[in-house]
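Each chain, written out:
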Amino acid sequence: MNFSRLSAKACKALACTTIVAALGACGGDGDPDPLQKYREQTVQWTECDSTIFGSSSAALHELTTAAGDRLRCGFVRAPLDWSNTERGDIVVSVMRLAAGKPGQRRGALLFNPGGPGADGLSTTFALFGAFYKSNPESPQGARQLRLLDEYDMVGFSPRGTGASTQLQCGTNEVERAVLTSAAEWDTPENIANANYNGRKTAEACLKNPITPYINSDATARDMDLIRGLLGDDKLNYLGYSYGTWLGAWYASLFPEKVGRMVLDSSTDFSTTLEQTVLAAQPPARQRLLDDVIVPYAVRHADYFQLGTTAAEVQSIMPGLSPRVQQVLSGPISSYSYQRTGADKYLEAIAAARGMDAVLKAAADPADMDAVDKALDGYVFDPSNQKRNTDIRAAAENLQRSYAANWINPQPTSIALDSSSAVLTAIHCNDSAATTDLTAWASLVRGLAQRAPMFFSGLLGVHTCAFWGGPKVSKPDLASMKPLDILFVQSQYDAATNTDGANAFFAQLPGARRVYVQGEYQHGVYPYTDSCVDPLVTNYLLGDTLSEREAICPTHPLAQDAPSGGQAASSERKAASAAEPAGSVPPVYKDPKEASELIDEFKRGLIPPNLRQ
């Protein structure tokens, strides 16, 4: 297929989008279409430099070799400002794995891993790696191979990120220390420091001339440009986390262009990003702790040794020193993204408890050599040497964070890398935020009471109050209501609160949903099971769920599994038995390798600042 130019008929159809209508470019006055040069550009598809994925591992080399000429990379020129092309261009980096059977090609399947600020190149390729290892003798494996045969798998670096034109924010002004423990944060000086950092961050970003044009509206239009350049009438899309917000934005702008659209781990597009992410995450993480993690620790009290009742386990973190609580909040927030992190979550709590005991017993807590020596001799688990070693390693990581924050802090200029800068710009450009500083402090105060270990993120991202308001208008979701969109959601998702996901789904009568009861995995598909994966894969291959919502069972957590959480974790066993046992071959040729690739893909859905 020739991707370099569109037909005249396609160009005419594309020209009559909302934005061109706003520009008067579809009129009969003979005015040239200012977007025509973008829609008719020639994309040079070339061999991908392996470093474009941010890695050069042997596994990656194997996959790129296996992909061969099907894998190509290119750059798409897009207007910096879609409403005024005279402001100049940006470049969007795109990766395409061409359909294995061109004669059966359905179109392109575009991916976005969320963030905002996540790069969509490497994560897309990791998912291809897992599906590429599917077993054609398995019904589900054969379906996954059909995806690779019938779709171009397309990843892209959203504007501002990765290999696209990057956004960065920086200033020489030094960031002020902000206390984020529930016991220490609520003082006038600390709130003033948080406000200072937020104001200076906003100023640093707004000095960059491309910042106003890093928003979901522009990215959605970039996606439509990519769709057209690939020669497709419809956009097929798989978006995770913030990628569901972006997908909803696209669907609201271009409902007639929506093909197969999967929104996995959904935000609530009917509200603001501040409400659906920043304010909704702390209570979601608290619910996960109370309803899933603590009961798990109690069920396996002999193994985790954190207490035999929920009250005992729940009392540990409030009993820690405030600054130990502060350094613990990052790891446990990270481990709330992936179900495979449940044991690590509880290890982190055990590590913090031991570290806190060492610090309290130290003659001088600032004497790091003495503290390190005491940690080396501290027994975290007398009955399990491996677990004792693992917890000690976690305690040493916490101790390094503690020392960097409280013993030997270094002055740091306010600077955001491209991922953080894009996250900030989209949060502030897309939708309204609380600008009244008294109201903001009240919001944080309420969340600190409800979720004392998880509210602190709001103190570090208090930027939009000083932004001057959003730069775009979010489209109304009314045009989405009849669309056959498939949502995928886990019950205890702690990153995109299921309460918001439920509220959004309820407003879309044409949509369907696959719901995993009892699960908290953020980014569900592929789930390596016989319920979620067939339903989602079949949808992408053209089917529609007959019922409004399909309820799927959760995988057991590691210690709940029959093997007791040994090397063959529940995911790995599920990968080898995703079809009924004894009836069909395993879904993947090498279930262990496929599970590792899927884990790598899902780690890409965790914000970079939280990855452990």
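Described in the following lines is the structure provided in the data block.

Here's the deal with the packing of helix H11 (residues 281–299) against helix H15 (residues 342–361)
Then, number 1: As a packed pair, H11 and H15 sit with axes 10 Å apart at the nearest point and diverge in direction by 80°. Comparing the axis directions of H11 and H15 gives the class roughly perpendicular. Contacts between H11 and H15 pair Leu289, Ile293, Tyr296 and Ala297 from the former with Ala342, Asp343, Tyr345 and Leu346 from the latter.
Then, number 2: Split into classes, the residues belonging to the contact of H11 with H15 amount to 7 nonpolar, no polar and 1 charged.

Section: the packing of aromatic side chains
Aromatic ring pairs are reported here in terms of the distance separating the ring centres and the angle at which the planes meet.
Then, number 1: Applying the stated criterion across every chain, the model contains 14 aromatic pairs.
Then, number 2: On the numbers, 5.3 Å between centres and 75° between planes, the contact of Tyr240 with Phe601 is edge-to-face. Here Phe601 lies in helix H24 (residues 591–603) and Tyr240 lies in strand E6 (residues 235–240), a separation of 361 residues in the sequence. For the pair Tyr240 and Phe601, one class covers both residues: buried.

Examining the state of the cysteines
Any covalent bond linking the sulfur atoms of two cysteines counts as a disulfide.
Then, number 1: In total, this model carries 4 disulfides according to the counting rule given.
Then, number 2: There is a disulfide in this structure between Cys48 and Cys73, and the S-S distance comes to 2.0 Å. With the S-S bond torsion at 105°, the cross-link from Cys48 to Cys73 turns out right-handed. Taken together, the residues span a long stretch of sequence, with Cys48 in the loop between helix H3 (36–39) and helix H4 (58–67) and Cys73 in strand E1 (residues 71–79) at a distance of 25 residues. In terms of burial, Cys48 and Cys73 fall into one category: buried.
Then, number 3: Each sulfur in the disulfide pair Cys169 and Cys205 lies 2.2 Å from the other. Measuring the twist about the S-S bond at about 110°, one finds the Cys169-Cys205 disulfide to be right-handed.

A closer look at the pattern of salt bridges
Then, number 1: Taken as a whole, this structure holds 28 salt bridges when the rule is applied.
Then, number 2: In this structure, the salt-bridge partner of Arg39 is Asp33, at a minimum N-O distance of 3.3 Å.
Then, number 3: With a relative accessible area of 8%, Arg39 lands in the buried category.
Then, number 4: Close ionic contact of Asp186 with Arg445 constitutes a salt bridge, the shortest N to O distance being 2.7 Å. Placement of Asp186 in the loop between strand E5 (169–174) and helix H7 (188–206) and of Arg445 in helix H19 (residues 437–450) is noted, with a sequence separation of 259 residues between them.
Then, number 5: One salt-bridge network, held together by shared partners, links Arg105, Asp152 and Asp232.

Here's the deal with the pairing of strand E8 (residues 413–416)
Two faces, one strand: in a regular strand the side chains alternate between the faces of the sheet.
Then, number 1: Burial along E8 is one-sided: the face carrying Ile414 and Leu416 is buried and the face carrying Ser413 and Ala415 is not.
Then, number 2: As paired strands, E5 and E8 are joined by 3 bridges and run antiparallel to one another. Each bridged residue has a counterpart across the sheet, and for Gly170 the counterpart in E8 is Ala415.

Describing the pairing of strand E7 (residues 258–264)
Then, number 1: With 6 of 7 residues buried, E7 lies mostly within the body of the structure.
Then, number 2: Two strands pair when backbone bridges link them, and E7 and strand E9 (residues 486–490) are joined in this way by 3 bridges, in the parallel orientation. Looking at the pairing, Val262 lines up with Leu486 of E9.

A short note on the sheet that holds strand E10 (residues 512–517)
Then, number 1: Spatial strand order, E1-E2-E4-E3-E6-E7-E9-E10-E11: 9 strands in an open sheet with mixed pairing. The sheet terminates laterally at E1 and strand E11 (549–553), the two strands that pair on one side only. Taking each pair of neighbouring strands and ignoring which way they run, the sheet shows an average axis angle of 20°.
Then, number 2: The sheet strands contacting helix H8 (residues 216–229) are E1, strand E2 (89–97), strand E3 (107–112), strand E4 (151–157) and E6, and the helix crosses E1 at an angle near 125°.

Description of the environment of His427
Then, number 1: Within the secondary structure layout, His427 lies in helix H18 (residues 418–430).
Then, number 2: Residues His427 and Ile214, 213 residues apart in the sequence, show an inter-C-alpha distance of 9.9 Å.
Then, number 3: When sequence neighbours within four positions are dropped, the list of residues in contact with His427 reads Pro116, Leu273, Val277, Leu278 and Cys464.

Details of the side chain of Asn497
Then, number 1: Along the chain, the position of Asn497 falls in the loop between E9 and helix H21 (498–506).
Then, number 2: Given the relative accessible area of 8%, Asn497 is considered buried.
Then, number 3: A distance of 2.9 Å separates a polar side-chain atom of Asn497 from the backbone nitrogen of Asp499.
Then, number 4: Residues contacting Asn497, with those up to four places away along its chain left out, are Ser266, Ala280, Pro283, Ala284 and Arg287.

Some thoughts on the environment of Cys552
Then, number 1: Within the fold, Cys552 resides in strand E11.
Then, number 2: Distance in space between the C-alpha atoms of Cys552 and Asn397 is 37 Å, their sequence separation being 155 residues.
Then, number 3: For Cys552, the residues in contact, after removing those within four places along its chain, are Val514, Tyr515, Val516, Gln517, Cys531, Val532 and Leu535.

Digging into the side chain of Ser241
Then, number 1: As for its position among the elements, Ser241 is in the loop between E6 and helix H9 (242–253).
Then, number 2: Residues within four places of Ser241 in sequence aside, it is in contact with Gly114, Asp264, Ser265, Thr267, Thr496 and His522.

Here we look at the environment of Ala357
Then, number 1: Within the element layout of this structure, Ala357 appears in helix H15.
Then, number 2: Residues Ala357 and Tyr378, 21 residues apart in the sequence, show an inter-C-alpha distance of 9.4 Å.

So, how was this worked out
Residues numbered from 1 in each chain as written. Predicted model: local features only at pLDDT ≥ 70, side-chain atom pairs only at ≥ 80, totals over all residues. Heavy atoms only, no water. Axes fitted to C-alpha atoms, helices over the stretch in contact; angles between N-to-C directions. Helix = DSSP H or I, 4+ residues; strand = E, 2+ residues; numbered from the N terminus. Parallel < 35°, antiparallel > 145°, perpendicular 65-115°, else oblique. Contact = heavy atoms within 4.5 Å. Nonpolar A, V, L, I, M, F, W, Y, C, P; charged D, E, K, R; others polar. Phe/Tyr/Trp six-rings, centres within 6.5 Å; stacked < 30°, edge-to-face > 60°. Buried < 20%, exposed > 50% of the residue type's maximum accessible area, 1.4 Å probe, protein only. Disulfide = S-S within 2.5 Å. Salt bridge = Lys/Arg side-chain N within 4 Å of Asp/Glu carboxyl O. Pairing = 2+ DSSP bridges. Polar contact = N/O pair within 3.5 Å; in protein donor to acceptor, adjacent residues only side chain to side chain.

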